[in-house]
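An overview of the molecular structure
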Amino acid sequence: MDPSLDMWDFSSLISLWINRFYIYLGFAFGFSLWICFQIVIRKQNKNSQEKTVPKASRDLMTNGYISLQKKEVFVSGVKIFYGSQTGKAKGFATVLAEAVSSLDLPVAVINLKEYDPDDHLVEEVTSKNVSAFLVATYTDGRPTESAEWFCRWLEEAANDFRFGKTYLKGVRYAVFGLGNSAYVSHFNKVGKNVDKWLWMLGAHRVMSRGEGDCNVVKSKHGSIEADFTAWKARFISRLQALCKGERKPCGGNCKKGKCESNQHGSEAMEPRSHAQEGFHQRDAEQEEPFGSTSEEESGTEDHQSLKSVIDVEDLGKIMDRMKKEKREKEQQEGETSLIRSTVKNEAGERRAMITPALREALTKQGYQLIGSHSGVKLCRWTKSMLRGRGGCYKHTFYGIESHRCMETTPSLACANKCVFCWRHHTNPVGTEWRWKMDQAEMILKEAIENHQNVMKQFRGVPGVREERFEEGMTVKHCALSLVGEPIMYPEINRFLKLLHERKISSFLVTNAQFPAEIRNLKPVTQLYVSVDASTKESLKKIDRPLFKDFWQRFLDSLKALAAKQQRTVYRLTLVKAWNVDELQAYAKLVSLGNPDFIEVKGVTYCGESSASSLTMANVPWHEEVVRFVCELVDLIPDYEIACEHEHSNCLLIAHKKIMTRLGKKSVFSSSSPAPLLEPWRQQLER
């Protein structure tokens, strides 16, 4: 063996031993590269599999067979809760349920009266349902009877620390309120409160609250039905987005092709939870922003929290973007205001008082509607006298021929919502004239024509006398007491003048809420003021006026009546257990207005109405009305009982000066007409 070869092998081993650390390092580096290479290959394979196989149907290989993954459900159904008094909210709930059903979603319509929130509301936290609340605001901003318990429970829970601010976390809801902006102090108060209390308990508002307005003048879309239709369209659109798993509508600010709205609610990783955002927001603010959704509120905070630390170099870009967004927003607001002003100008800046829904309701009740705010209807006493069966109390008291009387109104609107309203509150309400106005000539012409057209239907009816029918075709008296507040009509004096020019006498009834209009009113044949109560509390309870200063207006109206140089009348409507025990107060009101006549009438029950709690138990017997009148006359020595009409449950009290002037003695239980109107009719004709 060559000695040099042995020497080389030995030196090589020594060299390898000396450099062994480098060898180890080389092996480690190579092994690391191999591991990295394997990781990259596996990741690429996984990504390619995700692209080719949809996520909702991705296969799971288990024990040699394939099982499909269940599709994730984001909305399991919709529950529609309603609190209604007149049935409007219930009708809207039914319409909304039909629209939701078209999306193939389970839907349930629930009356809040039959729902126990203490047992069932918390179940909505995990149910993945979307809850819609349709709630109406009733008298004095209170909830309807059906929603009273739910609202009380919700308010107490929202203000009870034991429930906490996350009690309803996970509940998704939307609210639509029904109200009337004529009641300024509590317009849609219940809807606002329900929205607020749900939010305080941690529930998520999926869209901004909708507000329906019965006041056609201020309604955003012209009527409460149109307001609901617009809100319903937005709700259905939002529901469709939620079904796809979208957290919020795309705001157009997405970057790098990643749309935030496509992130599913169950998978979107947020820097902080909704609960943390809720705590932060509720602590920082006393009132929540009702105009936005809970998800939109949290979305803004999420975006800001991602960039809570901003590089100085990026400040310029951020400021430019903010300025651009501000300009776009101002431009959008300008376009919106332009559209609104255009629509307003096209509508002549005033809307018609009679909406399509109101027209349908009043037509069903037998009204002959005139123009955009007037109406006429045939009185049952007109029909009775045509058939020779007697006339109304005006015939007995004042000699008015009922078959020649036309009952009409130039204004269907009223400033009260009386519990005994004959029309069950189907007519609009308001405190001032804000509608389109028809000319007085047109109203009178069409009123007479419509009245005569209805009268023609009685020709040949059994019992109708031919001579009475011919007389009835000529109107000789107009009762401006059909419905609403005639004195609100701006051209009421012109209308009265046209009546008197045609030799038609006029009885005008007002609800004592417009003292200035009473003072400015031209003389009528007989001016009535409804005195439905004698104290502030009972008047508010019975008349339910819109004006905040209703009592002062009431007193001023009576004072204005005392200053009128014409025949004046107090009309008292007795509601048993409500206003029949206030004799001393009534006597003081009589001295305030000093009317010529006082008509005392028992309330007429017009059937059950969800808008009123009035029942037959509130209708006084005629003997009770007589007793009330006798006791009242004892307290007002300048007056005496003049006449009665038992069929109408009505008595007439007259001032002694009137009885002396007419040469009449006190008449009680008179069966023949007392023509107390003749001297004034003769004066009118002159």
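None of these values were measured; they are calculated from a predicted model. Position labels on residues start from 1 in each chain and follow its written sequence. Restriction of local features to residues with pLDDT of at least 70 applies here, the model being predicted, together with a cutoff of 80 or more for giving and counting side-chain atom pairs; totals for whole chains, interfaces and linings are based on all residues. With hydrogens and water excluded, all non-hydrogen atoms of the structure serve as input to the side-chain values.

A word on helix H18 (residues 536–543). Buried, partly exposed and exposed residues are distinguished by accessible area as a fraction of the type maximum, computed with a 1.4 Å probe on protein chains only: under 20%, between the cut-offs, and over 50%, respectively. The secondary structure listing takes helices from DSSP runs of H or I that are at least 4 residues long and strands from runs of E that are at least 2 residues long, numbered from the N terminus. All buried positions along H18 are accounted for by Ser 538, Leu 539, Ile 542 and Asp 543. Projection of H18 onto a plane perpendicular to its axis shows the buried side chains occupying an angular sector of 105°, all on one side. Pairs of residues are marked as contacts when any of their non-hydrogen atoms sit within 4.5 Å. Where H18 is buried, its residues contact helix H19 (550–562). Two residues or fewer past H18, Arg 544 is found with a positive phi of approximately 50°. Taking the helix axis as origin, the arc is that swept by the directions to the C-beta atoms.

What follows concerns the sheet that holds strand S9 (residues 368–370). A pair of strands is considered paired only if DSSP assigns at least 2 bridges between the two. Spatial ordering of the open sheet is given by S9-S10-S11-S12-S13-S14-S15-S16-S18-S17, a layout of 10 strands whose pairing is mixed. What marks the edges here is a single partner per strand, and that holds for S9 and strand S17 (639–645). Strand-to-strand twist across the sheet, computed as the mean angle between neighbouring axes with direction ignored, equals 25°. Summarising the sheet, strand S10 (residues 374–377) and strand S11 (residues 405–409) pair through three bridges and their orientation is antiparallel. What sits directly across from Lys 377, in S11, is Glu 407. Orientation is described by lines fitted to C-alpha atoms, with helices fitted over the stretch in contact, and by angles between N-to-C directions that extend from 0 to 180 degrees.

Remark: helix H20 (residues 583–593) packs on helix H21 (residues 622–635), axes separated minimally by 9 Å, with the N-to-C direction vectors making an angle of 55°. In terms of orientation, H20 lies oblique with respect to H21. As H20 packs across H21, the resulting crossing turns out to be right-handed. The residues of H21 that touch H20, namely those facing Leu 583, Gln 584, Tyr 586 and Ala 587, are Phe 628, Glu 631, Leu 632 and Leu 635. Put simply, angles under 35 degrees are roughly parallel, angles over 145 are roughly antiparallel, angles from 65 to 115 are roughly perpendicular, and the rest are oblique. Each crossing gets its hand from how the near helix is turned against the far one by less than a right angle, where anticlockwise is left-handed and clockwise is right-handed.

Below, the discussion takes up a nonpolar patch on the surface. Two distance rules govern patches: like charges are joined within 9 Å, and nonpolar side chains (Val, Leu, Ile, Met, Phe, Trp, Tyr) within 5 Å, applied only to residues with over 30% relative accessible area and no salt bridge. Computed with the Shrake-Rupley method and a 1.4 Å probe, the accessible areas treat only the protein chains shown as cover for residues. Each reported salt bridge corresponds to a side-chain nitrogen of Lys or Arg within 4 Å of a carboxyl oxygen of Asp or Glu. Together, Leu 13, Leu 16, Phe 21, Ile 23, Tyr 24 and Phe 27 line one region of the surface with nonpolar side chains, adding up to about 690 Å² of accessible area. In terms of residue count, the dominant contributor to the nonpolar patch is helix H2 (residues 20–52) (four residues). Note on placement: Tyr 24 falls in helix H2. Residue class for Tyr 24 comes out exposed when judged on its relative accessible area of 51%.

Most of strand S18 (residues 650–655) is tucked away: six of the six residues are buried. Residues Cys 650, Leu 652 and Ala 654 line one face of S18 and the alternating positions Leu 651, Ile 653 and His 655 line the opposite face, and both faces are buried. As paired elements, strand S16 (residues 597–602) and S18 share five bridges and run antiparallel to each other. Looking at the pairing, Val 600 lines up with Leu 651 of S18. Between S17 and the antiparallel strand that follows it, S18, lie four residues; Asn 649 among them carries a positive phi value of about 55°.

Before going further, it helps to examine the packing of aromatic side chains. For this analysis, a ring pair means two rings from Phe, Tyr or Trp (six-membered ring only for Trp) whose centres lie within 6.5 Å, classed as stacked if their planes differ by under 30 degrees, edge-to-face if by over 60, and tilted for the remaining angles. Across all of its chains, the model carries 23 aromatic pairs by this definition. Arranged with centres 5.4 Å apart and planes meeting at 85°, the rings of Trp 433 and Trp 435 form a pair that is edge-to-face. Comparing Trp 433 with Trp 435, the two get one shared label, buried. Members of the aromatic cluster, joined through ring pairs, are Tyr 393, Phe 397, Tyr 398, Phe 507, Tyr 528 and Phe 597. Comment: the charge-over-ring label is applied if NZ (Lys) or CZ (Arg) is within 6 Å of the ring centre and within 35 degrees of the ring normal. Cation over ring: Arg 553 sits above Phe 547, and NZ or CZ is 3.7 Å from the ring centre.

Cysteine sulfur atoms that come within 2.5 Å of each other are treated as a disulfide pair. Inspection of every chain in the model, using the stated rule, returns zero disulfides. For the unlinked cysteine Cys 414, the closest cysteine sulfur is that of Cys 418, found at 6.0 Å.

Take the confidence of the model for the protein chain next. Here the protein chain averages 79 in pLDDT, and 74% of its residues register 70 or above. Confidence scores labelled pLDDT are given residue by residue by the predictor and lie between 0 and 100. Here residues 250–309 is modelled with pLDDT under 50, and outside its nearest four sequence neighbours on either side it reaches 91 contacts, counting other chains as well. Ignoring residues within four places in sequence, the model shows residues 666–686, a span with pLDDT below 50, making 51 contacts including any to other chains.

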